[in-house]
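# Structural characterization, general
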Amino acid sequence: MAELKNELTWSFSRDRLFKDCRRAYFYHYYASWGGWNKSSDEFCQKAYLLKNMRNVDIWVGDIIHQILKWVIENKKAGNHCGLDEALTKAKQMLMRTWEQSRSKLWQKNIKQNLNLFEHYYGPELSRDDLAFKMTKVTKSIRNFYSSELFSSLSNISQENFLAVDELDFFDFSGVRMFAIPDFALKSSGQYILYDWKTGKPTDKDVLQLSCYILYAENKWAVSSDKISVVPVYLAMDEVLFKPVVPVDQPKVREYIENSIFEMRSVLTDKETNKISIDNCPKTKNEWSCKKCRFREICL
């Protein structure tokens with residue numbers, strides 16, 4: 001079996017972490033590399049452990065994404081999953097993974113068991129807080145079931161289900177660029193990419209979705225005028241399925257090229273993707289440090 005190599009790749013989330021805090025970027029993509037191997041040093045294993053930690057909001061978002069993926073995949077296969085069944089499955093998933101974290105089962109298997117920031121660092125969520133998070137999950141799933149998109153799924157042929165929450169990549173200037181569209185379908189000659197949002201709208205959303213257009217162009221060999229990207233804010237009182245006006249593709253390409261250039265600029269050896277912690281200073285945003293997964297090892 002070929003040895004895994006830590007290569008420079010690009011994704012919107014990687015770019016965001018690089019811009020937010022280069023020290024956290026170093027821990028996430030470099031210090032943690034190989035931490036799954038018991039023969040790696042203690043610091044590497046600790047960085048890998050912290051890399052796989054989730055905070056409660058990301059955890060809740062993951063559950064919603066998993067349920068919607070399950071519902072859509074069943075629809076694609078011609079099976080119908082009722083709302084009550086989906087809500088029951090979500091609650092079971094929430095309680096099971098909460099117990100994994102609370103009982104520290106991640107000490108036995110990091111990848112298969114949740115490790116919540118709030119359990120690891122504290123304070124733990126109260127029962128009321130946990131119930132509130134479950135309300136958010138319930139509301140998001142109900143909103144999806146009430147949408148015209150859900151109603152239309154039964155009328156979509158199997159071949160027009162293009163992607164359902166699958167990690168994928170393509171080559172961008174010699175660098176693998178990763179993208180994970182939550183749901184993509186083809187309808188009346190248009191390629192529509194949906195992105196489930198479980199938080200509030202931010203000014204970064206349009207840029208992220210504009211990157212998905214670049215992915216879709218390469219994945220399905222279609223022009224950008226046949227691609228629509230739709231953010232869906234599931235936890236909002238009014239859920240709209242409205243395509244965004246994307247950033248012009250030349251500007252998107254320029255943005256990614258500049259981002260890759262900046263990531264390469266901190267490497268000590270560009271050929272082997274080696275880096276020094278000295279080239280990755282901490283953020284000056286102290287509030288950000290308080291919620292950082294890597295604060296236990298941050299030097």
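First things first, this report covers the structure right here in the doc. Note that residues are indexed from 1 along each chain, following the sequence as it is written. Where local features are concerned, this predicted model is filtered to residues with pLDDT of at least 70; where side-chain atom pairs are given and counted, the filter is 80 or more; whole-chain, interface and lining totals use all residues. Water and hydrogen atoms play no part in the side-chain values, which are based on all heavy atoms of the structure.

## A few points about the overall build of the chain
Note the threshold: Numbering of helices and strands starts at the N terminus; helices are DSSP runs of H or I of at least 4 residues and strands are runs of E of at least 2. For the radius of gyration, the atoms used are the C-alpha atoms, and the globule rule reads 2.2 Å times the number of residues raised to 0.38. Residue exposure (1.4 Å probe, protein chains only): buried if accessible area is under 20% of the type maximum, exposed if over 50%, otherwise partly exposed. In what follows, residue pairs with any heavy atoms lying within 4.5 Å of each other are defined as contacts. The protein chains shown are the only cover counted for residues, whose accessible areas, like all others here, come from Shrake-Rupley with a 1.4 Å probe. Charge counting treats Lys and Arg as positive and Asp and Glu as negative, with His and both chain ends excluded. Taken as the charge centre is NZ of Lys, CZ of Arg, CG of Asp or CD of Glu, depending on the residue.
The secondary structure content of the chain amounts to eleven helices and nine strands. For a compact globule of 299 residues, the expected C-alpha radius of gyration is about 19 Å, and the chain comes in at 20 Å, within 12% of that figure. Here the C-alpha coordinates of the chain stretch approximately 55 × 50 × 40 Å along the principal axes. Counting the 299 residues in the chain, one finds 46% classified as buried. In the chain, of all internal contacts separated by at least 6 residues, the share reaching a separation of at least 24 is 66%. Within the structure as shown, the chain displays about 16600 Å² of accessible surface, and the carbon and sulfur contribution to it stands at 49%. For the chain, the distance from the average position of its 44 positive side-chain charges to the average position of its 39 negative side-chain charges is 4 Å.

## Here's the deal with the packing of helix H2 (residues 22–31) against helix H3 (residues 42–51)
We apply this condition: Between the N-to-C directions of two axes lies an angle of 0 to 180 degrees, each axis being a line fitted to C-alpha atoms and, for a helix, fitted only over the stretch in contact. When describing relative orientation, an angle under 35 degrees is termed roughly parallel and one over 145 degrees roughly antiparallel, while 65 to 115 degrees is termed roughly perpendicular and anything else oblique. Lys, Arg, Asp and Glu make up the charged group, whereas Ala, Val, Leu, Ile, Met, Phe, Trp, Tyr, Cys and Pro make up the nonpolar group; the residues left over, Gly among them, are polar.
Here H2 crosses H3 at 110 degrees, and the two axes come no closer than 9 Å. Between H2 and H3, the crossing angle belongs to the class labelled roughly perpendicular. Each of Tyr27, His28 and Ala31 in H2 lies in contact with H3, whose residues at this interface are Phe43, Cys44, Ala47 and Lys51. Residue composition of the contact of H2 with H3, by class: five nonpolar, one polar and one charged.

## Digging into the packing of aromatic side chains
Counted only if it meets this: Stacked, tilted and edge-to-face are the three classes applied to pairs of Phe, Tyr and Trp rings, where Trp contributes its six-membered ring and a pair requires centres within 6.5 Å; stacked means planes under 30 degrees apart, edge-to-face means over 60, and tilted covers the rest. A ring is scored as having a charge over it whenever the NZ atom of a lysine or the CZ atom of an arginine sits within 6 Å of its centre and within 35 degrees of its normal.
Applying the stated criterion to the full structure yields 24 aromatic pairs. Through a chain of ring-to-ring contacts, three or more aromatic side chains come together here, namely Phe144, Tyr145, Phe150, Phe161, Phe183, Tyr194, Trp196 and Phe241. The ring of Tyr29 has Arg14 sitting right over it, with the charged end atom 4.1 Å from the ring centre.

## Things to note about the side chain of Ser210
As for its position among the elements, Ser210 is in helix H9 (residues 205–220). A relative accessible area of 0% places Ser210 in the buried class.

## A look at the state of the cysteines
The criterion, for reference: Put simply, a disulfide is two cysteine sulfurs that come within 2.5 Å.
Summed over all chains, the structure comprises zero disulfides. Cys21 provides the cysteine sulfur closest to Cys292, a residue in no disulfide bond, and the two sulfurs are 6.1 Å apart.

## Regarding the pattern of salt bridges
Threshold: Salt bridges are identified by distance alone: a Lys or Arg side-chain nitrogen within 4 Å of an Asp or Glu carboxyl oxygen.
Here the structure, examined in full by the defined rule, presents ten salt bridges. Here Arg54 makes a salt bridge to Asp62, at a shortest N to O gap of 3.8 Å. Of the residues examined, Arg54 reaches a relative accessible area of 29% and is grouped as partly exposed. A relative accessible area of 31% means that Asp62 is categorised as partly exposed. A salt bridge links Asp237 to Lys139; its shortest N-O distance comes to 2.5 Å. Of this pair, Asp237 sits in the loop between strand E7 (227–233) and helix H10 (249–265) while Lys139 sits in helix H7 (residues 127–145), and the two are 98 residues apart along the sequence. Each member of the salt-bridge network shares a partner with another, and the members are Asp15, Lys19 and Glu262.

## Notes on the packing of helix H4 (residues 56–76) against H7
Applicable threshold: For any pair of crossing helices, the crossing counts as left-handed if the nearer helix is rotated counterclockwise from the farther one by less than a right angle, and right-handed if it is rotated clockwise.
Running from amino to carboxyl end, H4 crosses H7 at an angle of 30 degrees, the nearest separation of the two axes being 10 Å. Taken as axis vectors, H4 and H7 run roughly parallel relative to one another. Considering how the two elements wind past one another, H4 and H7 form a crossing that is right-handed. Along the contact surface, H4 presents Val56, Asp57, Trp59, Val60, Ile63, Ile64, Ile67, Leu68, Val71 and Ile72, while H7 presents Leu130, Lys133, Lys136, Val137, Ser140, Ile141, Phe144 and Tyr145. Its residues assigned to classes, the contact of H4 with H7 comprises 14 nonpolar, one polar and three charged.

## Considering the sheet that holds strand E5 (residues 183–187)
Selection rule: What makes two strands pair is DSSP finding at least two bridges between them.
Read across the sheet, four strands follow the order E2-E5-E6-E7 without closing on themselves; strand pairing throughout is mixed. With one partner strand each, in any of the chains shown, strand E2 (161–164) and E7 form the two edges of the open sheet. Each strand of the sheet is rotated relative to its neighbour by a mean of 20 degrees, with strand direction disregarded. Bridge analysis of strand E6 (residues 190–197) against E7 gives seven bridges, and the strand direction is parallel. Paired with Lys197 across the strands is Tyr233, a residue of E7. Docked against the sheet, H9 engages E2, E5, E6 and E7, running at close to 140 degrees with respect to E6.

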